[in-house]
Amino acid sequence: MSTRSPAPTRRRLLGLALAGAAWPPLALGAADPEQRPEGATGYAVAIGGALKYDHAAIWTRLVQLSGGTGSRWVVFPTAAANPQATGWRLTDALERHGAQADLLPVAPRWSGTDVARAVRDPLLIQRVRSARGVFFAG
């Protein structure tokens with residue numbers, strides 16, 4: 001067991017997630033631009049852990065806000081007790097509602113993954129940058 005502080009790894013996870021700061025503005029489809037604050041290019045949605053995988057209205061709206069059918073998402077199962085299982089359920093929920101979802105193996109409990117190394121992987125960083133939505137689980 002490592003005695004290192006988890007803070008550097010948490011900062012790297014946040015950095016990977018924020019790599020999308022250069023994302024192009026979201027194609028918001030039917031969302032009303034008049035209701036967005038000046039200069040806003042997208043949405044941040046905080047959802048509690050009780051979101052059900054079969055709550056169609058929420059999943060559909062998330063996909064719509066990220067550009068609609070075919071929008072690309074990445075899923076970070078960072079704080080899930082079973083990151084693989086949770087991550088696959090989340091990608092399935094997003095895909096059933098029209099998104100293209102990509103599960104990233106970035107979680108301290110993900111067996112066989114070195115999180116500190118994964119968050120520096122240029123391929124993972126590119127996958128985050130090309131996404132139009134990011135979902136954190138846990």
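Cut-offs and rules
- Residues numbered from 1 in each chain as written.
- Predicted model: local features only at pLDDT ≥ 70, side-chain atom pairs only at ≥ 80, totals over all residues.
- Heavy atoms only, no water.
- Core = buried A, V, L, I, M, F, W, Y, C linked by side-chain atoms within 4.5 Å.
- Buried < 20%, exposed > 50% of the residue type's maximum accessible area, 1.4 Å probe, protein only.
- Helix = DSSP H or I, 4+ residues; strand = E, 2+ residues; numbered from the N terminus.
- Contact = heavy atoms within 4.5 Å.
- Arc of directions from axis to C-beta.
- Pairing = 2+ DSSP bridges.
- Right-handed = clockwise from strand over helix to strand, strands pointing away.
- Salt bridge = Lys/Arg side-chain N within 4 Å of Asp/Glu carboxyl O.

A. Expanded view of the nonpolar core. With 16 residues, the main nonpolar core has W59, W73, V75, L90, L94 and F135 as its most contacted residues. At the level of secondary structure, the elements contributing two or more residues to this core comprise α2 (56-65), β1 (72-76), α3 (83-96) and β2 (100-103). Core analysis: the second largest hydrophobic core is formed by 10 residues, V119, L124, V128 and A131 among them.

B. Spatial organisation of the side chain of T91. Of note, T91 is situated in helix α3. In this structure T91 comes out as buried when scored by relative accessible area, which is 3%. Not counting the four nearest positions on each side in its chain, T91 is found in contact with V75, A101, D102 and L103.

C. Highlighting α2. By the burial criterion, the buried members of α2 are W59, L62, V63 and L65. Viewed along the axis of α2, the buried residues span an arc of 165°, placing them on a single side of the element. Against β1, α3 and β3 (133-136) lie the buried residues of α2. In the stretch just after α2, G67 is the one whose phi turns positive, near 120°.

D. Looking closely at the pairing of β1. With respect to burial, β1 is a largely interior element, four of its five residues being buried. As paired strands, β1 and β2 are joined by four bridges and run parallel to one another. In the sheet register, V75 faces β2, and the bridge partner there is L103. Crossover connection from β1 via α3 to parallel β2: handedness right-handed.

E. Up close: the pattern of salt bridges. Counted according to the given criterion, the structure contains two salt bridges. Where R96 meets D92, a salt bridge forms, and the shortest distance between an N and an O atom there is 2.9 Å. Note that R96 and D92 are positioned in helix α3 at a spacing of four residues, about one turn of the helix. We classify R96 as partly exposed; its relative accessible area is 45%. A relative accessible area of 38% places D92 in the partly exposed class. With a shortest N-O distance of 2.6 Å, R127 and D102 are connected by a salt bridge. Here R127 is found in helix α5 (residues 122-129), whereas its partner D102 is found in strand β2, with 25 residues between them in sequence.

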